[in-house]
Amino acid sequence: MVAMMVVVGLAGASGPASAAKFLVVGGGSTTGVYYQVALNVCKIVNKTLKSKGYNCIGRPALGSVFNINAIKRGLLNFGVAQSDRNWQAYNGKADWKKKGPVKELRSVFSAHPETVLLATRADTGIKKVADLRGKRVNIGNPGSGQRGNATDVLKIYGIDRKKDIKAEGLQQGEASRSLVDKKIDAFFYTVGNPWGGGLEIANSTDLRIVPVNSAGIKKLVAANPFYVMTVIKGGIYKGVSKDVPTYAVKATFVSSSKQDPNVVYDVVKAVFGNLDKFKASHAAFKFLTPKAMLGGLSAPFHKGAMRYYKEVGLK
């Protein structure tokens, strides 16, 4: 029902999403950073390309899988998706194993790195992933990249999500409230840092972030170029004073090969031409560079994006 409501909302907002200069960009939860990517790309597009008749709307959505499928169906012009989901969709893996590859999926640029974050409260006694057994844990709503990451982590640590934990499929805003209200014991979330929702949780309860860095995780990262080992820096969130090791994906801005190359070119030129403004729009974007924004992309570049990158010497 929730997915249907979002689809209707997107379609209703856009008219036909293929309309040349009326653009709809799918983000994620309103409390997450994907939504900030969608919103701030559209702010730049609307301000920079107003004279060319562009009207760009950034929408909350259910995450990576949803956004990619919505792009395929023509409900979105652009969307934000995790780099691992980007690769899986293009190659027909994971959620697309039965449906087949999304060969029209195209990369536009990368945004911020996103850590796989496992959050809990101090009173749960959860200090390592193995301590999740018997606990109520949110693994993310269906259609989100975080559910895939959570499932991978649990499998690597030998935890059966159907037998060993009480798995919840909440959207992140509800999961955050549930942790504070002691309705769940922990949640997985794949997110850029600092994350506003995490800052709020840390001010409301005794937040703890659990390391996700076993030998199995490191093997997973080594085998997949869209993953990197990283840390969640100590001091970002109240009560979390030390660096917490984990792994990360990249947030990628994607579209379809069916999207007008001139539109994609205009959007990329607007964002890269105003990169300082984009970086200043959210703390997670602070360290972006043009070169880094062309990395971690596992579907082919859209030809409209490639045209711009070649013009400015990035490709």
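Residues numbered from 1 in each chain as written. Predicted model: local features only at pLDDT ≥ 70, side-chain atom pairs only at ≥ 80, totals over all residues. Heavy atoms only, no water.

Participant: For this particular structure, what's the right way to read the overall build of the protein?
Facilitator: Each helix and strand in the protein was counted, giving 11 helices and 10 strands. Within the protein, buried positions represent 54% of all 315 residues. Of all intrachain contacts in the protein linking residues separated by at least 6 positions in sequence, the fraction that spans at least 24 positions is 74%. Taking the average place of the 47 positive charges on the side chains of the protein and the average place of its 20 negative ones, the gap between the two points comes to 5 Å. (Helix = DSSP H or I, 4+ residues; strand = E, 2+ residues; numbered from the N terminus. Buried < 20%, exposed > 50% of the residue type's maximum accessible area, 1.4 Å probe, protein only. Contact = heavy atoms within 4.5 Å. Lys, Arg positive; Asp, Glu negative; His and termini not counted. Charge placed at Lys NZ, Arg CZ, Asp CG, Glu CD.)

Participant: Help me understand helix 7 (residues 196-204), please; the structure alone is not making it clear to me.
Facilitator: Because an α-helix packs 3.6 residues into every turn, residues spaced three or four apart end up facing the same way. Buried residues of helix 7: Gly197, Gly198, Ile201 and Ala202, and no others. Along the axis of helix 7, the buried positions cluster into a sector of 135 degrees, meaning they face one direction only. Seen from the open side of helix 7, the exposed residues pointing more than 90 degrees away from its buried face are Glu200 and Asn203. On its buried face, helix 7 sits against helix 6 (172-180), strand 7 (186-191) and strand 8 (207-210). (Arc of directions from axis to C-beta.)

Participant: Even after reading the chapter, I still don't get the state of the cysteines, so can you show me in this structure?
Facilitator: A covalent bond bridging the sulfur atoms of two cysteines is what the word disulfide describes. Throughout the structure, instances matching the rule amount to 1 disulfide. At a sulfur-sulfur separation of 2.1 Å, the disulfide partner of Cys42 is Cys56. Taking the torsion about the sulfur-sulfur bond, which here is approximately -45 degrees, the covalent link between Cys42 and Cys56 counts as left-handed. Within this pair, whereas Cys42 is found in helix 2 (residues 33-48), its partner Cys56 is found in strand 2 (residues 55-59), the two being separated by 14 residues in sequence. Take Cys42 and Cys56: they sit in the same class, and that class is buried. (Disulfide = S-S within 2.5 Å.)

Participant: Looking at this structure, how should I read the packing of helix 9 (residues 261-273) against helix 11 (residues 303-311)?
Facilitator: Two quantities define a packed helix pair, namely the angle between the axes and the distance from one axis to the other. The contact between helix 9 and helix 11 brings their axes to 7 Å, and the two run at 45 degrees. If you check the angle between helix 9 and helix 11, you find them oblique. Read as a crossing pair, helix 9 and helix 11 show a hand that is right-handed. From helix 9, Pro261, Asn262, Val264, Tyr265, Val268, Lys269, Phe272 and Gly273 reach across to helix 11, where they touch Lys303, Gly304, Ala305, Arg307, Tyr308, Tyr309 and Glu311. Grouping the constituent residues of the contact of helix 9 with helix 11 by class yields 8 nonpolar, 3 polar and 4 charged. (Axes fitted to C-alpha atoms, helices over the stretch in contact; angles between N-to-C directions. Parallel < 35°, antiparallel > 145°, perpendicular 65-115°, else oblique. Left-handed = near helix turned anticlockwise from the far one by under 90°. Nonpolar A, V, L, I, M, F, W, Y, C, P; charged D, E, K, R; others polar.)

Participant: Would you explain the side chain of Ser256 in this entry?
Facilitator: In this fold, Ser256 is placed in strand 10 (residues 244-256). With a relative accessible area of 7%, Ser256 lands in the buried category. A polar contact of 3.0 Å, which involves the side chain of Ser256, links it to the backbone nitrogen of Lys258. With sequence-adjacent residues up to four places away left out, Ser256 is seen in contact with Ile71, Asn77, Glu104, Arg106 and His302. (Polar contact = N/O pair within 3.5 Å; in protein donor to acceptor, adjacent residues only side chain to side chain.)

Participant: Is there a simple way to think about the nonpolar core in this case?
Facilitator: Proteins that are soluble and globular tend to have nonpolar side chains buried together. Formed by 58 residues in total, the largest nonpolar core has its most connected members in Val41, Phe109, Phe187, Phe253, Phe272 and Tyr309. Once residues within four sequence positions are removed from consideration, Val41 is found in contact with Phe109, Phe253, Val267, Val271 and Phe278. Counting 23 residues, the second largest nonpolar core, distinct from the first, contains Ile217, Leu220, Val221 and Tyr227. (Core = buried A, V, L, I, M, F, W, Y, C linked by side-chain atoms within 4.5 Å.)

Participant: Mind showing me how you'd approach helix 8 (residues 215-223) here?
Facilitator: Buried residues of helix 8: Ile217, Leu220 and Val221, and no others. Down the axis of helix 8, the buried side of the element spans an arc of 95 degrees, and every buried residue falls inside it. Projecting away from the buried face of helix 8 at angles above 90 degrees are the exposed residues Ala215, Lys219, Ala222 and Ala223. On the buried face of helix 8, the contacting elements are helix 5 (145-156), strand 9 (228-232) and strand 10.

Participant: Would you mind going over the side chain of Ser110 with me for this structure?
Facilitator: Assignment of secondary structure puts Ser110 in strand 4 (residues 105-121). A distance of 2.3 Å separates a polar atom in the side chain of Ser110 from the backbone oxygen of Gly295. Setting aside its immediate chain neighbours within four residues, Ser110 contacts Lys250, Ala251, Thr252, Ala292, Met293, Gly295, Gly296 and Leu297.

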